[in-house]
Amino acid sequence: MLDIKSLLLLILSSSWGVVTVVLIGALVYRATLSSREDDQIFLDDAEQHYYREQQAIIARMSRLKGPIIALSLVSGILFLTTVGVWIYQGYSSF
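### Quick word on the overall build of the chain
And step 1. Across its full length, the chain carries two helices and zero strands.
And step 2. For the chain, buried positions account for 19% of its 94 residues.
And step 3. Here the analysis covers contacts within the chain between residues at least 6 apart in sequence; of these, 79% occur between residues at least 24 apart.
And step 4. As displayed, the chain offers around 7200 Å² of accessible surface, 67% of which is attributable to carbon and sulfur atoms.

Quick look at the structure:
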């Protein structure tokens, strides 16, 4: 049977893992969007759909910035908390 400290450590580490996997997914998605983005595009009036595609890609990338920062912070806080609980369990078992 798990005691409360072990259960807390299990919940924290599982939460950290889930948040980190979502963060990695968001980073991979941003990287794939970034690979389709062109730095400079020269188009005439007949090819304006390329310009609109580039603007849509840039808008999606800028919308990802906030969630990536938030997920990074939550992942870091959960990691540090998990390590702190693990160290506390180690010292309290002596």
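### Details of the environment of V83
And step 1. With respect to the helices, strands and loops of the structure, V83 is situated in helix 2 (residues 48–92).
And step 2. Look at V83 and you get partly exposed, because its relative accessible area is 29%.

### Here we look at the packing of helix 1 (residues 4–36) against helix 2
How two helices sit against one another is set out by the angle between their axes and by the gap between those axes.
And step 1. The N-to-C vectors of helix 1 and helix 2 enclose an angle of 155°; their axes lie 8 Å apart at closest approach. In terms of orientation, helix 1 and helix 2 fall into the roughly antiparallel class. Seen along the crossing, helix 1 lies across helix 2 with a hand that is left-handed.
And step 2. When the residues that make up the contact of helix 1 with helix 2 are grouped by side-chain class, the tally is 22 nonpolar, 12 polar and four charged.

### With respect to the nonpolar core
Considering soluble globular proteins, one finds that nonpolar side chains tend to be buried as a cluster.
And step 1. Judged by nonpolar contacts, the single largest core of 13 residues is most densely connected at L33 and I68.
And step 2. No other element matches helix 2, which puts seven residues into this core.
And step 3. Discounting residues that sit within four places of it in the chain, L33 has contacts with I57, R60, M61 and L64.

### What to know about the packing of aromatic side chains
The way to describe two aromatic rings as a pair is by their centre distance and the angle between their planes.
And step 1. Taken as a whole and assessed by the stated rule, the structure comprises one aromatic pair.
And step 2. On the basis of an interplanar angle of 45° and a centroid distance of 5.5 Å, the ring pair of W16 and F79 is categorised as tilted. Taken as a pair, W16 in helix 1 and F79 in helix 2 lie far apart in primary sequence, 63 residues in all.
And step 3. Owing to a relative accessible area of 30%, W16 belongs among the partly exposed residues under this scheme.
And step 4. Relative accessible area serves as the criterion here: at 42%, F79 is assigned to the partly exposed category.

Criteria and thresholds
Residues numbered from 1 in each chain as written. Predicted model: local features only at pLDDT ≥ 70, side-chain atom pairs only at ≥ 80, totals over all residues. Heavy atoms only, no water. Helix = DSSP H or I, 4+ residues; strand = E, 2+ residues; numbered from the N terminus. Buried < 20%, exposed > 50% of the residue type's maximum accessible area, 1.4 Å probe, protein only. Contact = heavy atoms within 4.5 Å. Areas by Shrake-Rupley, 256 points an atom, 1.4 Å probe, with all protein chains shown as cover. Axes fitted to C-alpha atoms, helices over the stretch in contact; angles between N-to-C directions. Parallel < 35°, antiparallel > 145°, perpendicular 65-115°, else oblique. Left-handed = near helix turned anticlockwise from the far one by under 90°. Nonpolar A, V, L, I, M, F, W, Y, C, P; charged D, E, K, R; others polar. Core = buried A, V, L, I, M, F, W, Y, C linked by side-chain atoms within 4.5 Å. Phe/Tyr/Trp six-rings, centres within 6.5 Å; stacked < 30°, edge-to-face > 60°.

Such coordinate-based values are descriptive only and should not be taken to indicate function.
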